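Observations on the three-dimensional arrangement
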Amino acid sequence: MKTSHFIFALVITLLGNVVAQEDLIYKKPSPEILALADVEAAPSVWMDTKKSYMLFSYRNKYKTLDDLNQEELRLGGLRINPVTNIGSTVNYVNNLKLRKVKNVNDEPVQVKDLPANARISNINWSPDDSKIAFTNTTKTGVELWIIDVQQAQAKRISEAVLNCNLGSPYSWFNDNKTLLVRFIPANRPALIDSKKDLPKGPIVSVAEGKVSQNRTYQDLLKNKTDEQNFEVLVSSELFKVDLNGNKTPFLTKDLFIAQSFSPDGQYLMLTTIKKPFSYIVPLGRFPQTTSVYDLNGNLIKVVNEVPLTEIMPKGFMAVRKGKRNMSWRNDKPATLYFIEALDGGDPGVKTDFRDELFVWDAPFKTNPVSLVKTQQRFDNIVWGNDQVAMISDSWYDTRNSKTYLFSPANPSAIKTVFDRNYQDIYSDPGNFETRENDYGRSVLAIETNQLFLIGEGHSEKGQFPFIDAFDIATGKTKRLYQSAYTNKKEDIFSIEDFKTGQALVMIQSKNEYPNYYFRNFKQKDKLVQLTFTKNPFESIKNVEKEVIRYKREDGVELSGTLYLPVGYDKTKKEKCPLLIWAYPEEFKDKKSAGQNSKNPNEFTFPNYGSFVFWVTKGYVVLDDASFPIIGEGDKEPNDNFIQQLVANGRAAIDAVDKLGYIDRTRVAVGGHSYGAFMTANLLTHSNDFACGIARSGAYNRSLTPFGFQSEQRNLWDVPEIYNGMSPFYTANKMKKPILLVHGEADNNPGTFTLQSERYFQALKGLGGNARLVILPKESHGYSAKENILHLLWEQEQFLDKHLKPATKG
């Protein structure tokens, strides 16, 4: 069946209509919306580490339904195409071009001899940036290709037999001439057809009295057939492959899940999955063994063994026992580091220190050495050298983050440099800048006893990104540069030359597409543009756009990005319908909740994830409206979720109504995922909205009993919270029109497609006004052009029906 004629069922309930389903072919929205939705995607840009060359990658803006209608197995948390042996949700690039960074007036050069009908993914530069490797997915499998950067010439170096079922199948050796590649094993067994294979007995799972809280994961193994197929699909053989495609065996078949070379390139760390597999957690919590090998495939040391992790303590700060976060230390030739919990991984245990950092030198003849202990749960480490490193920890319950400066050679001298609420964006000091060392690894950039911080620069007055120097001896900072734009938005990505002051930045405005520049922050007016992508959305380039600030009834500061309709006359102030798009966020204090991260100069980029398209149809849009849910002190945010939700919505409407732009009897609210949950609750518990659009949400919290979103307590801890927040349990109170949309194959924990189906059934049975649209083949986010355009049509029809014309009387 051709996808253009693909027919699907729209389950609906309409007042006065006894028909339960409609059979529709795919529809498209009005020309105004279609002109914005159906545009060519701008290329993505990737620079090499030396900033000598730029790689431009091109892709279709959307997939097609035919792309989604492929064979798929869902195993252990993976979604795999068993024919091609690559993830079924991969987004492919279809063309590549190169350009020297300094040649700003030149057009990008087409890479020659790319595969026909290219489906490119897993793109990576070689360590010296002279080559680029990528995979190409054919109808039967995945090939490995190489690009000579200077020649802009591509060539294939393998047959279509790579195993990409666990992600990128290759790693570069340090010699820039060889790759370590995962191949499908020779004589691989055939997959078992679960529909034809008769079971030899029942499926039995056992609970043995140990408390554990696991989220409602999707795509898990379900039976022995799944186990066998998982093992077949994940098994690989490792080969060395040179640039001419010559293969040398490295290691025989195993369930290889991760691989990484030591900075000096002399050792390889490999992690493999072991049995027993699990039916209640995904593959990341299956038993694992991590081993280190030399470059000839000889085993040096088994450095970690992790058992099946089905049992975990309660809380977001819970971790498993044993070594975790094992990786190579970037500033050393071949030293591993890892973390071990000092509280048994249980955040409920009272202790002075939560985690401990160890290092372990290859070839691992001696025991690991303890360096430092952290007061909270380990978060991150950035290595510099033997004298300087930065380690950070955090604790979710308090939203606290600490950053420590220490000397790896003398770890007893550890100093706290930042101690802050990580949700307080106005006090964010930024991230420490790194640069590549002789091993090609990122380490702290150190110049004359100084480090450097790059910050986003949010403040009460707006967003002004900055670069600071950090004095290692005193811990004091000095501002080297701060963006002064009030009509543009500048993002600082990296410092490219510390002596001359050259930084890589991106600059955009509400009607200027984001482009890369070199900025000299020592000569602030010196700016060199590197890319020249034009605005593809001409019809809305002059739309009125501003960030508005307003207060909730309890004084909490709120904000949202307000768009007025195309051609709106502010002198006449016509009363228009208002569309609010939002997503709730949890906080532990009112101050952080009231801070504004929105920038009115951000490029106006309409996409299906917001209502911005509707400025072309006479609607006022409040996008990304603040919906904080706050729980201060011993209170949890969800203790009064509904009251705060309603207050947020009312404050947003009041603010826009006060400006004189809207008819407040014609207001719709919408959201995706947790925003859909928000929408259903607002329509149920508030009279402020005429209708709403809820996409891919969860409406019955008894189906997510061990936590959801930022809720750590379980259903049995606080049944009144779970039930009171669930729109499913108050469906009898829901009287407003709602458009429910869900992907047929949602893969997000908790937001099963069943959630929308059961909520719709409740509304239908109770006489509600609802329409349910199931988008074929779609996951939690939508990707097929046919589905997205039809979604926009559905939303347009729904909003026009319930918000236009103005309500009389």
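Residues numbered from 1 in each chain as written. Predicted model: local features only at pLDDT ≥ 70, side-chain atom pairs only at ≥ 80, totals over all residues. Heavy atoms only, no water.

Before going further, it helps to examine the overall build of the protein. Along the backbone of the protein there are nine helices and 51 strands. In summary, the protein has a C-alpha radius of gyration of 28 Å against a globular reference of 28 Å for 809 residues, a match within 12%. Counting only C-alpha atoms, the protein reaches 85 × 75 × 60 Å along its principal axes. Taking all 809 residues of the protein together, 56% fall into the buried category. Taking contacts inside the protein between residues at least 6 apart in sequence as the whole, the part at least 24 apart equals 59%. (Helix = DSSP H or I, 4+ residues; strand = E, 2+ residues; numbered from the N terminus. Rg over C-alpha atoms; globule rule 2.2 N^0.38 Å. Buried < 20%, exposed > 50% of the residue type's maximum accessible area, 1.4 Å probe, protein only. Contact = heavy atoms within 4.5 Å.)

Once that is clear, we can look at the confidence of the model for the protein. Within the protein, residue pLDDT values average 94, and 97% of them lie at 70 or more. Long-range and interchain partners of residues 1-18, a stretch whose pLDDT sits below 50, account for 56 contacts in this model, where long-range means more than four residues apart. (pLDDT = per-residue confidence, 0-100.)

Okay, helix α9 (residues 785-803) next. At 3.6 residues per turn, the α-helix brings residues three or four places apart onto the same side. Over its 19 residues, α9 runs 26 Å from end to end, which matches the ideal 27 Å to within 8%, given 1.5 Å per residue. The buried count for α9 comes to 14 of 19 residues, which makes it a mostly enclosed element. (Expected span 1.5 Å × (residues − 1).)

Here the bond from Lys275 into Pro276 is cis, since omega is 5°, no more than 30 degrees from zero. Turning to its location among the elements, Pro276 is positioned in the loop between β19 (267-273) and β20 (288-294). Note the cis peptide between Ala362 and Pro363, where omega equals 10°. Checked against the element boundaries, Pro363 lands in the loop between β24 (355-361) and β25 (369-374). One non-glycine residue, Ala152, lies in the positive phi region at around 50°. Looking at where Ala152 falls in the secondary structure, it is placed in the loop between β12 (142-148) and β13 (153-156).

The strands making up a sheet associate through hydrogen bonds between their backbones, and the pairing can be parallel or antiparallel. Here four strands make up an open sheet; going across it, the order is β18-β19-β20-β21 and the pairing antiparallel. This sheet does not close on itself; its edge strands, each paired only once, are β18 (256-261) and β21 (299-306). Going across the sheet, the axis of each strand differs from the next one's by a mean of 20°, ignoring polarity. (Pairing = 2+ DSSP bridges. Axes fitted to C-alpha atoms, helices over the stretch in contact; angles between N-to-C directions.)

Summed over all chains, the structure comprises 36 aromatic pairs. A ring pair is formed by Tyr699 and Tyr759, whose centres lie 4.7 Å apart and whose planes are at 20°; its orientation type is stacked. With a gap of 60 residues between them, Tyr699 in the loop between β49 (691-695) and α7 (719-725) and Tyr759 in helix α8 (residues 753-765) connect regions that are remote in the sequence. Each member of the aromatic cluster is reached from another via a ring pair, and the members are Tyr583, Phe641, Tyr674, Phe677, Phe708 and Tyr722. Here the basic side chain of Lys323 rests over the ring of Phe338, its NZ or CZ set 5.6 Å away from the ring centre. Positioned above the aromatic ring of Phe708, the side-chain terminus of Arg701 is 4.2 Å from the ring centre. (Phe/Tyr/Trp six-rings, centres within 6.5 Å; stacked < 30°, edge-to-face > 60°. Lys NZ or Arg CZ within 6 Å of the ring centre and 35° of its normal.)

Here we come to the environment of Arg74. Along the polypeptide, Arg74 turns up in strand β5 (residues 73-75). Its relative accessible area of 35% is what places Arg74 among the partly exposed residues. Linking Arg74 and Lys222, residues 148 residues apart in sequence, is a C-alpha distance of 9.9 Å. With residues up to four places along the chain from it excluded, the contact list for Arg74 reads Arg79, Asp219, Leu220 and Ala745. For Arg74, the side chain forms a polar contact with the side chain of Glu72, separated by 2.8 Å. (Polar contact = N/O pair within 3.5 Å; in protein donor to acceptor, adjacent residues only side chain to side chain.)

Formed by 59 residues in total, the largest nonpolar core has its most connected members in Tyr550, Ile580, Val620, Leu622, Ile738, Leu740 and Tyr759. When residues of this core are assigned to their parent elements, the largest contribution, nine residues, is made by helix α5 (residues 641-658). In contact with Tyr759, other than residues within four places in its own chain, are Ala680, Thr684, Tyr699, Pro727, Phe728, Ala731, Met734, Ile738 and Leu740. (Core = buried A, V, L, I, M, F, W, Y, C linked by side-chain atoms within 4.5 Å.)

Tallied over the full model, the rule gives 40 salt bridges. Ionic pairing is found between Asp386 and Lys332, a salt bridge with its closest N-O pair at 3.0 Å. With Asp386 in the loop between β26 (377-383) and β27 (389-395) and Lys332 in the loop between β22 (323-328) and β23 (335-341), this pair connects stretches of sequence that are 54 residues apart. A relative accessible area of 29% means that Asp386 is categorised as partly exposed. Under the relative-accessibility criterion, Lys332 is labelled partly exposed at 23%. Notably, a salt bridge pairs Asp491 with Lys489, separated by 2.8 Å at the nearest N-O pair. In this structure, Asp491 and Lys489 share a single accessibility class: buried. Salt bridges linked by common partners bring Arg324, Asp343, Arg354, Asp355 and Arg377 together as one network. (Salt bridge = Lys/Arg side-chain N within 4 Å of Asp/Glu carboxyl O.)

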